[in-house]
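# Chain and residue survey
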Amino acid sequence: YATMRLDGARIAFSSTNGTVSIVKSLDNNRVAAGAFSNISALCRWILQKDDDIIVVCSGWKGDPSLEDTLFAGALACKLGNHVIAVNDAANMAIDLYRLAQNDVEGYCQKASHVRRLLGLNYDNDVHFAFQEDTCGLVPTWDKATCALHVEKP
């Protein structure tokens, strides 16, 4: 999409795992989508809310994924004192991110989904996915209005 002229266009995008997680989360009052690309914007968005949050990692084919777990840990670390890890999954994500934080992309070279994408010659996509803050927007779903929004916190 980076080389396409899409100003003002509406785009429908469905991923293999993220879409499933989002749809399963729609009963919550608000749902926001996050990735390394919008991690700082997502942190600002979360801190503007007066709600508890639940981080849902999409995984891959029903299994946990290394890259999603690292993102959850990165998000928790960036939120700092505002986060209370309530279960071992959260603690593991934080510990894993602290282990890999100096080279998250390099650490994820052993991840099965990353290896699959690299095998399909999606090297540039993988590299782009691990870049932080390439987007300052947060896609959200608001249950009260049944509407999708793109917020710039």
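Refer to the structure presented above.
For the structure given in this document, a descriptive report is provided here. The structure displayed is predicted, hence computed values, not measured ones. The residue numbers shown here count from 1 along each chain, following its written sequence. Since the coordinates come from a predicted model, pLDDT governs what is reported: local features require at least 70, and pairs of side-chain atoms require 80 or more to be given and counted, while whole-chain, interface and lining totals use all residues. Based on all heavy atoms of the structure, the side-chain values leave hydrogens and waters out of the count.

It is worth spelling out the pattern of salt bridges at this point. Should the charged atoms of two oppositely charged side chains come close, the side chains can pair. Each reported salt bridge corresponds to a side-chain nitrogen of Lys or Arg within 4 Å of a carboxyl oxygen of Asp or Glu. Throughout the structure, instances matching the rule amount to 3 salt bridges. Among the ionic pairs, aspartate 51 bridges to arginine 30, the shortest N-O distance being 2.0 Å. With aspartate 51 in the loop between helix H2 (39–48) and helix H3 (66–79) and arginine 30 in strand S1 (residues 30–32), this pair connects stretches of sequence that are 21 residues apart. Per-residue accessibility, obtained with a 1.4 Å probe over protein chains only, is compared with the maximum for each type, and a residue is labelled buried under 20%, exposed over 50%, and partly exposed between these values. Arginine 30 gets classed as partly exposed once you look at its relative accessible area, which sits at 36%. Where glutamate 132 meets lysine 78, a salt bridge forms, and the shortest distance between an N and an O atom there is 3.3 Å. Helical segments are the DSSP runs of H or I of at least four residues, strand segments are the runs of E of at least two, and each set is numbered from the N terminus.

Right, let's talk about the pairing of strand S2 (residues 138–142) for a bit. As paired elements, S1 and S2 share 3 bridges and run antiparallel to each other. Residue pairing for S2: valine 31 is matched across the bridge by tryptophan 141. Where S2 hands over to strand S3 (residues 147–151), the hairpin turn is made up of 4 residues, of which cysteine 146 adopts a positive phi near 50°. Strand pairing is defined by DSSP finding a minimum of two bridges between the two strands.

Stacked, tilted and edge-to-face are the three classes applied to pairs of Phe, Tyr and Trp rings, where Trp contributes its six-membered ring and a pair requires centres within 6.5 Å; stacked means planes under 30 degrees apart, edge-to-face means over 60, and tilted covers the rest. Taken as a whole and judged by the stated rule, the model has 2 aromatic pairs. Pairing phenylalanine 36 with phenylalanine 71 gives two aromatic rings, centres 5.4 Å apart and planes at 80°, and the pair type is edge-to-face. Taken together, the residues phenylalanine 36 in the loop between S1 and H2 and phenylalanine 71 in helix H3 connect sequence positions 35 residues apart. The two residues phenylalanine 36 and phenylalanine 71 agree in class, both being buried. Both rings, one in phenylalanine 36 and one in phenylalanine 130, keep their centres 5.9 Å apart while their planes meet at 45°; by these two values the pair is tilted. Of the two residues, phenylalanine 36 is situated in the loop between S1 and H2 and phenylalanine 130 in the loop between helix H7 (123–129) and S2; the sequence distance between them amounts to 94 residues. No difference in accessibility class separates phenylalanine 36 from phenylalanine 130, as the two residues are buried.

Nothing here speaks to function; it is geometry throughout.
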